[in-house]
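Coordinate analysis (summary)
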Amino acid sequence: MSGERAAQLEYSEFQGAMLDEDKRRRKAAKILAVLAHYLGRDAAEPGSVLSGLTVADIGCSAGFIADELAGAGASRTFGVDIDVPGLKKASERFGERVEFVCANGEALPFPDGSVDVLVFNHIYEHVVDPDSVIADMRRVLSDDGVLYLGLGNRLGVMEPHYKLPFLSYLPPAAADRYVRAFGRADHYYERFRTRGGLRRMLSGFHVWDYTFPVLASPDRFAGGELFPGAVGRAAKGVLERTPRPALAALRPVVPTYLWIATKTPGRPLGAALPQPPEPVRTSGVG
């Protein structure tokens, strides 16, 4: 795969969603709420959720999420990307409290074990070698640090970038023809993995799944945009009451997984939830 795909440079120049400030800050609120629950910190005090911690947003682009991480009390905040135009915009706006670095995720510019919180939100499908990026994030993460992961699922029905159903199911050549036929792009760059593939990718970590907790408690996790309005209220009620085995049957086709990964075993420290986080088995995945 590495020989077939070039890095997506200047991603913010052709993907306008990276410059949608309101949407990016809403995503940051959800990330911080999940981190607060896992760490046992008070999400009602957003300025202290990351107090005393060194934090890095890997794939930060224009820096909106990194800025929110800094605002959550991090002692030091980094934004890392290869998107030079995005980094320029980020530095101009947020450079006083976030250190932005142009660097490849496969060779992060941090010493071993020096970062307490890493955020890797909907990035893996865009990088040439996600396994190498994950390995280097594990290198720089502290022994008691946490890695937040937003992970798209190959078996999610609607492809999130091009809004074409079943696009990510297709082999590359067929996917290229599909996006061209609908005038969305010259070729389909992104490479998603199934849940099993993601578990293998995280085989060096201990992982907790926050997907259903966020869906069942959107107000607590700033996830209201996932199912807005009346649909959201109905979905919340159903998810709160649905037995976990029934929800488990939906896991293979959930479009996005929200995971917390650590190098050493740990447990979420937050309060009880209608649908609690569950451990994800990563060792011994075939």
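In what follows, the accompanying structure is described. Keep in mind that this is a model prediction, so the values were computed, not measured.

The rules behind these values
Residues numbered from 1 in each chain as written. Predicted model: local features only at pLDDT ≥ 70, side-chain atom pairs only at ≥ 80, totals over all residues. Heavy atoms only, no water. Salt bridge = Lys/Arg side-chain N within 4 Å of Asp/Glu carboxyl O. Helix = DSSP H or I, 4+ residues; strand = E, 2+ residues; numbered from the N terminus. Pairing = 2+ DSSP bridges. Axes fitted to C-alpha atoms, helices over the stretch in contact; angles between N-to-C directions. Contact = heavy atoms within 4.5 Å. Core = buried A, V, L, I, M, F, W, Y, C linked by side-chain atoms within 4.5 Å. Buried < 20%, exposed > 50% of the residue type's maximum accessible area, 1.4 Å probe, protein only. Right-handed = clockwise from strand over helix to strand, strands pointing away.

**A short note on the pattern of salt bridges**
- One pass over the structure, following the stated rule, counts 13 salt bridges.
- Between D131 and R193 there is a salt bridge, and its shortest N-O distance comes to 2.8 Å. Of this pair, D131 sits in helix α5 (residues 130-140) while R193 is found in the loop between α6 (172-181) and α7 (195-201), placing the two residues 62 residues apart along the sequence.

**Digging into the sheet that holds strand β4 (residues 115-121)**
- Pairing is mixed across the open sheet formed by eight strands, whose spatial order is β3-β2-β1-β4-β5-β7-β6-β8. Edge strands, defined here as strands with exactly one partner in the open sheet, are β3 (99-102) and β8 (278-280). Taken pair by pair, the neighbouring strands of this sheet meet at an average axis angle of 25°, ignoring direction.
- In this structure, strand β6 (residues 206-209) lies alongside β8, joined through three bridges in antiparallel fashion. Bridge assignment links W208 to a residue of β8, and that residue is P279.
- In the packing of helix α3 (residues 64-71) onto the sheet, the strands contacted are β1 (54-58), β2 (76-81), β3 and β4, and the crossing angle to β1 comes to about 170°.
- Across the sheet, helix α4 (residues 84-94) touches β2 and β3, and the angle it forms with β3 is around 165°.

**Comments concerning the nonpolar core**
- By size, the foremost hydrophobic cluster in this structure holds 44 residues, and its most contacted members are L118, F120, M137, L147 and L149.
- In contact with L149, not counting residues within four places along its chain, are F120, I134, L202, Y257, L258, W259 and A261.
- In terms of nonpolar packing, the next biggest core, distinct from the first, is built from 27 residues, A28, A36, Y148 and L258 among them.

**So, the pairing of β4**
- Counting buried positions over the seven residues of β4 gives seven, a clear majority of the element.
- In this structure, β1 lies alongside β4, joined through three bridges in parallel fashion. By the bridge assignment for β4, A56 is matched with L118.
- In this sheet, strand β5 (residues 141-152) lies alongside β4 in parallel orientation, the contact comprising six bridges. Residue V117 lies in a different strand from β5, and its bridge partner there is V146.
- The handedness of the β4 to β5 crossover, carried by α5, is right-handed.

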